Amino acid sequence: MLFRGDTPPPAGSQVTSVDARQLTFRFADSDDEGGASPCPISRWAARGKTPGRVVRLPAGGRPLEEIRLEQAVAAYLPPGKGVRLTLTGNRYNIVAVRREPAVYVVRIHRIFAGAEPRLVRALARYVVHNDRRASGTLGEFIERHEHIISRAPRRPRLVKLRPTGRVHDLQDIFDRLNRRYFEGTLQAKITWGPALFRAQQRSIKMGSFSVEDRIIRVHPALDRAEVPLFFVEWIVFHEMLHGRHEIRRSGSRRCFHPPEFLAQEREFADYQRASAWEKENVDRLFGR
Ligand SMILES: [Zn+2]
């Protein structure tokens, strides 16, 4: 099966909207940012905050305008800080910032290529300080260019779905769970995810749900005879719930597992057994 998809969001990011039209900025959100989140944190949330899987590609030949913008922003950074900037065509997440100890990782829409100095300054202030006024300036710029953002064709990416594993058939599992828990109404695709080298993974996610293209991906390490069916079902069930529950915002934080989500997760018939199995086996499974 082949169909169109788009890039899943990077992990560790948060979203806040700047206006009623929901142009979104993505924020990095370190765990020590202050105060407890009002969003309940489940074991899942602790494992990784976004449902998307993390894939980082090696930097190839970079476009000149990207390097230029990166250097322009770098000029405004505090000493000891660097910036790694990527121009994107992502029409949903126009500006994404992840704040790492020594570097700001910025993903930003191509409309910012060749930005005038005033805008670059605002961008730098936003990147470094998450500055409200700077955010307003960027928001106005984005709004003025929205016609360009929405006109740009979605980058078509062929996603090959591979639901049939060596041991477990994800489509079977999905269809069964869909009938049992969702009256057969849940629409999503499902596939085994790619096998990643451990070094590529910031955190191990046993499953993910891509909101944009509604694809559930399950970690291929679970496609083994020693992994019981009820456990794979549980992983799939969790991701299916993401297809049912919207991501809720509270301030600039996103809550992936609101209380209704967690309550429904407990309706899974093998919930106890699956949790116990995970506790016992997951480290061994992922070679930790
Ligand atoms: Zn989740």
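Computed from a prediction, not measured in an experiment: that's the story for all the values here. (Residues numbered from 1 in each chain as written. Predicted model: local features only at pLDDT ≥ 70, side-chain atom pairs only at ≥ 80, totals over all residues.)

## Some thoughts on the environment of R132
If you trace the backbone, R132 turns up in helix 4 (residues 132–144). Along the primary structure R132 and A122 are separated by 10 residues, whereas in three dimensions their C-alpha atoms are 9.9 Å apart. (Helix = DSSP H or I, 4+ residues; strand = E, 2+ residues; numbered from the N terminus.)

## Here we look at the packing of helix 3 (residues 117–129) against helix 4
Two numbers describe how helix 3 lies on helix 4: the axes approach to 8 Å, and their chain directions differ by 130°. Considering their axes alone, helix 3 and helix 4 lie oblique with respect to each other. Viewed along their axes, helix 3 and helix 4 form a crossing whose handedness is left-handed. Contacts between helix 3 and helix 4 pair L119, A122, L123, R125 and Y126 from the former with A134, S135, T137, L138 and F141 from the latter. (Axes fitted to C-alpha atoms, helices over the stretch in contact; angles between N-to-C directions. Parallel < 35°, antiparallel > 145°, perpendicular 65-115°, else oblique. Left-handed = near helix turned anticlockwise from the far one by under 90°. Contact = placed C-beta atoms within 7 Å.)

## As for the nonpolar core
Nonpolar side chains tend toward joint burial in soluble globular proteins. Ranked by internal contacts, the top residues of the largest apolar core, which has 23 residues, are V73, V106, L123 and V127. Looking at this core, the elements that each hand over two or more residues are helix 2 (64–74), strand 4 (82–88), strand 5 (93–99), strand 6 (103–109), helix 3 and helix 4. For this core, the leading source of residues is helix 3, giving five residues. If sequence neighbours within four positions are ignored, V106 has contacts with V83, L85, A96, V97 and V127. Among the nonpolar cores identified, the runner-up in size contains 22 residues, and F174, I215, L222 and V236 belong to it. (Core = buried A, V, L, I, M, F, W, Y, C linked by C-beta atoms within 7 Å. Buried ≥ 20, exposed ≤ 12 C-beta atoms within 10 Å, placed from the backbone.)

## Some details on helix 6 (residues 170–181)
When the terminal C-alpha atoms of helix 6 are compared, their 16 Å separation across 12 residues agrees well with the 16 Å that a helix rising 1.5 Å per residue should span. Residues of helix 6 that are buried include every one of L170, I173, F174 and N178, and no others. All buried residues of helix 6 fall inside an arc of 130° around its axis, so they share one side. The elements touched by buried residues of helix 6 are strand 8 (189–192), strand 10 (215–218) and helix 7 (229–244). Two residues or fewer after helix 6 comes E183, characterised by a positive phi angle close to 50°. (Expected span 1.5 Å × (residues − 1). Arc of directions from axis to C-beta.)

Scope: geometric values only; no functional claims are made or implied.
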